[in-house]
Structure formats: C-alpha cells, structure tokens
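Descriptive structure summary
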Amino acid sequence: MKRIFLFVLTNLAVVVVLGIVANLLGVNRFLTANGLNLGALLGFALIMGFGGAIISLLISKPMAKWTSGVRVINQPANADEAWIVDTVRKFADKSGIGMPEVGIFEGDPNAFATGAFRDSALVAVSTGLLQNMTHEEIEAVIGHEVAHIANGDMVTMTLIQGVMNTFVVFISRVVGYAVDSFLRKGDSENSGPGIGYYVTTIVMDIILGFAAAMVVAWFSRQREFRADAGAAKLMGRKQPMINALARLGGVHTAELPKSMAAMGIAGGIGQLFSTHPPIEQRIAALQNSAG
C-alpha cells in the first residue's frame, strides 16, 4: 500500500506541476478558434512527455529508498556489508564512475540500480539475494547493476520514455481533433472541441500508450543483455553471471516498483511488455558471446 500511495501521489504532483508549466508558457491553449495550433501542441506534448520522464528520473533515487525501504550502508556494520561496499567500489572504479550509494532492502532475491547521474547513483541488493546466492554470484549481480550505471541506462531509458510520451500526447490530440471536426462538420455552432475530441483523445492515449510501452520494454530488454555482458567483462569471465541468472531462474524474485523495474536483475511476465528478456535467452546470449 505504501508503494501504491507514493506512486499515485508522485504522479499526481508531477501532472499538476507540468500543467502549471504548460499554462504559464501558454502551450496548453493549442485548440484555438481557427483550429489546431500544431506548434503549441508540440510544445505541450514535449513538456508533458519529457517533463514527467525527467522528473521521475531526478527523484528516482529517493523514491527507490522510500518505496523499497532501502537501508543505505553509510558505515558497514559487519563483514558482509563491508564486502558488498568494497565490491561496488571495485566495479565502480573499474567502470570509471563515481562511487554509488550502496543499500540493502528486505525481500526476495533481486537488486537494482537507480539515480539520475552516473557519479551519484544507488545500487541496492535484497536480503533474499544475499541469503540465496554465493559470493561470486552476488558479485556478478552487483557487476550487472554497476554496468547499468556505467552504460547510462537510466538516462537512456528516460529519453526513450520521453520520446514515446511526446508521441502519444501529440498524435492522440491530432487524431482527436480530426475526428471531432469530421463529426461536427457543418455545425454552425461549433465553438470548441466536442465530445468526439475528448473521447477519441482518451481512447488514442490508451492505445498509443500500450504501443509506446512495448517499444520502451523492447529497448529495456536490449539494455539487459548489454548489462549482463558488462558484468561478465567486469568479472573477467562470464560463468558467474550465467550461474547467477540460472539461480534466479529457479527462485521467486521480488517485484520492484515500476520506476525501477527496468533496472532490476529479475525478469517479468509477458513478452511484449516485459522489461527483461527470459532468463534462458540471457544465459544463451552470454554463452554465445565471445570471451
């Protein structure tokens, strides 16, 4: 419930902020007496599309801590915590990025990386992961998450999401206006958008939203293959990552908040909308890779 509440509250706040910005810039007035102002509509679409994605990226790290209950290791309390921090530092140095914050959260086996900047990210692993994997497998999982940061995956996925959001907002309103104009053709009292515009826009938002989600998920799956390869490179061999994936394929993995799902180690259900490829495909890709 806490995750759902924070997710809804955050999205409402983002929508309100973006609505205020669009109003101040005047781009929300794209429906005029003379028709559709495409320039204003494009500005509105860009603000709503990229604005939400960028704000989500900027607040991703604190949101991850709150929603997953991440305990940041400021000072290692035992040898295991010290080893985790040292492993993250070793891979961060090797990747040429700043030392991320390191945290632990309660739950089934999983891990994630998040943050808006390569030099101030967060790597978190679950207690279930620490309890069910060998040190070598955990090291491979940490390497996978550090590879996400080094590859700039959080920013890349934000830009892709922004483009898709902009596309959805722009096209749905153009189609909505066209349908409404056709339905109200010859209407002498046509003084603004009718029900046809609003209904069509809502329907198109839903349809195009699903299509956009599939595109974003496809890109995310490609980044997972790259992060797996990055972990193998950081470790100097691919077998530990293969072993970690094989173990994850045989256990129940934790569900991550949507804002971090694409950066987690575990996969999901549904081929077209899954942010992760099937474990079998990831293992096969590593086995067939050079090195």
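One structure accompanies this document, and this report is about it. Note that the structure is predicted; figures quoted are calculated from it, not measured.

A short note on the overall build of the chain
What the chain contains, in helices and strands, is 10 helices and six strands. Taking all 291 residues of the chain together, the buried fraction comes to 47%. Counted over contacts in the chain with a minimum sequence separation of 6, partners at least 24 positions apart contribute 69%. With an accessible surface of roughly 14600 Å², the chain has 63% of that area assigned to carbon and sulfur atoms.

Quick word on helix H6 (residues 135-150)
Taking 1.5 Å per residue as the helical rise, H6 with its 16 residues ought to reach 22 Å, and the 22 Å between its terminal C-alpha atoms agrees with that figure. Counting buried residues in H6 gives 13 out of 16 residues, a clear majority hidden from the surface. Backbone geometry just downstream of H6 places Gly152 in the positive-phi region, at approximately 70 degrees.

What to know about the pairing of strand S6 (residues 122-126)
Counting buried positions along S6 yields five of five residues, so the element is predominantly enclosed. Here five bridges tie strand S4 (residues 101-105) to S6, and the two strands are oriented parallel to one another. Looking at the pairing, Ile104 lines up with Val125 of S6. With four bridges connecting them, strand S5 (residues 111-114) and S6 associate as antiparallel partners. Its bridge partner lying in S6, Thr114 is registered against Leu122.

Here we look at the packing of aromatic side chains
Per the counting criterion, the structure on display carries four aromatic pairs. Geometrically, the ring pair formed by Phe105 and Phe112 is tilted, given 5.4 Å between the ring centres and 40 degrees between the ring planes. For the pair formed by Phe105 and Phe112, the shared burial category is buried. Note on Tyr197 and Tyr198: the rings are 5.2 Å apart at their centroids and 80 degrees apart in plane angle, and the pair reads as edge-to-face. The exposure class of Tyr198 is partly exposed, given its relative accessible area of 45%.

Describing a nonpolar patch on the surface
A contiguous nonpolar surface patch, about 490 Å² in accessible area, is contributed by Ile195, Tyr198, Val199, Val203 and Ile207. Relative to the assigned elements, Val199 resides in helix H8 (residues 195-235). According to the relative accessible area criterion, Val199 is partly exposed, its value standing at 44%.

Regarding the pattern of salt bridges
Scanning the model with the defined rule gives 11 salt bridges in all. For Glu136, the salt bridge is made with Arg237, and the minimal N-O distance between the two is 2.1 Å. Pair noted here: Glu136 is in helix H6 and Arg237 is in the loop between H8 and helix H9 (239-248), with a separation of 101 residues, a long-range link.

Things to note about empty space enclosed by the protein
Applying the stated rule across the entire model yields one cavity of 30 Å³ or more. In terms of lining, the largest cavity is formed by Gly115, Ala116, Phe117, Arg118, Ile149, Gly152, Met154 and Val155. For the lining of the largest cavity, a count of residues per class yields five nonpolar, two polar and one charged.

Let's talk about the nonpolar core
With 37 residues, the main nonpolar core has Val125, Leu129, Met133, Ile142, Val146, Ile149 and Met241 as its most contacted residues. Residue assignment for this core shows that the elements contributing at least two residues are helix H4 (79-95), S4, S5, S6, H6, H8, H9 and helix H10 (279-287). When residues in this core are grouped by element, the largest group, six residues, is from H6. The next biggest cluster of nonpolar side chains, apart from the first, holds 13 residues, and it includes Leu18, Phe30, Ala40 and Tyr197.

Considering the environment of Asn23
Relative to the assigned elements, Asn23 resides in helix H1 (residues 2-25). The exposure class of Asn23 is partly exposed, given its relative accessible area of 40%. Each C-alpha atom, one on Asn23 and one on Phe44, is 9.1 Å from the other, the two residues being 21 residues apart in sequence.

A short note on the environment of Ala147
If you trace the backbone, Ala147 turns up in helix H6. Residues Ala147 and Ala229, 82 residues apart in the sequence, show an inter-C-alpha distance of 8.5 Å. Residues within four places of Ala147 in sequence aside, it is in contact with Ala227, Gly230 and Ala231.

Points about the packing of H4 against H6
It is at 9 Å that the axes of H4 and H6 come closest, and there the two elements cross at 40 degrees. As the angle between them shows, H4 and H6 are arranged oblique. The crossing of H4 and H6 is right-handed. Residues Asp80, Trp83, Ile84, Thr87, Val88, Lys90, Phe91, Ala92 and Ser95 of H4 touch H6, and the partners they reach there are His135, Ile138, Glu139, Ile142, Gly143, Val146 and Ala150. Residue composition of the contact of H4 with H6, grouped by class: nine nonpolar, four polar and three charged.

So, how was this worked out
- Residues numbered from 1 in each chain as written.
- Predicted model: local features only at pLDDT ≥ 70, side-chain atom pairs only at ≥ 80, totals over all residues.
- Heavy atoms only, no water.
- Helix = DSSP H or I, 4+ residues; strand = E, 2+ residues; numbered from the N terminus.
- Buried < 20%, exposed > 50% of the residue type's maximum accessible area, 1.4 Å probe, protein only.
- Contact = heavy atoms within 4.5 Å.
- Areas by Shrake-Rupley, 256 points an atom, 1.4 Å probe, with all protein chains shown as cover.
- Expected span 1.5 Å × (residues − 1).
- Pairing = 2+ DSSP bridges.
- Phe/Tyr/Trp six-rings, centres within 6.5 Å; stacked < 30°, edge-to-face > 60°.
- Patch = residues over 30% accessible without salt bridge, like charges linked within 9 Å, V, L, I, M, F, W, Y side chains within 5 Å.
- Salt bridge = Lys/Arg side-chain N within 4 Å of Asp/Glu carboxyl O.
- 1 Å grid on protein atoms, 1.4 Å probe; cavity = no way out; pocket = protein on both sides within 12 Å on 5 of 7 lines; lining within 4 Å.
- Points joined across faces, edges and corners; volume = space filled by probe spheres on them.
- Nonpolar A, V, L, I, M, F, W, Y, C, P; charged D, E, K, R; others polar.
- Core = buried A, V, L, I, M, F, W, Y, C linked by side-chain atoms within 4.5 Å.
- Axes fitted to C-alpha atoms, helices over the stretch in contact; angles between N-to-C directions.
- Parallel < 35°, antiparallel > 145°, perpendicular 65-115°, else oblique.
- Left-handed = near helix turned anticlockwise from the far one by under 90°.

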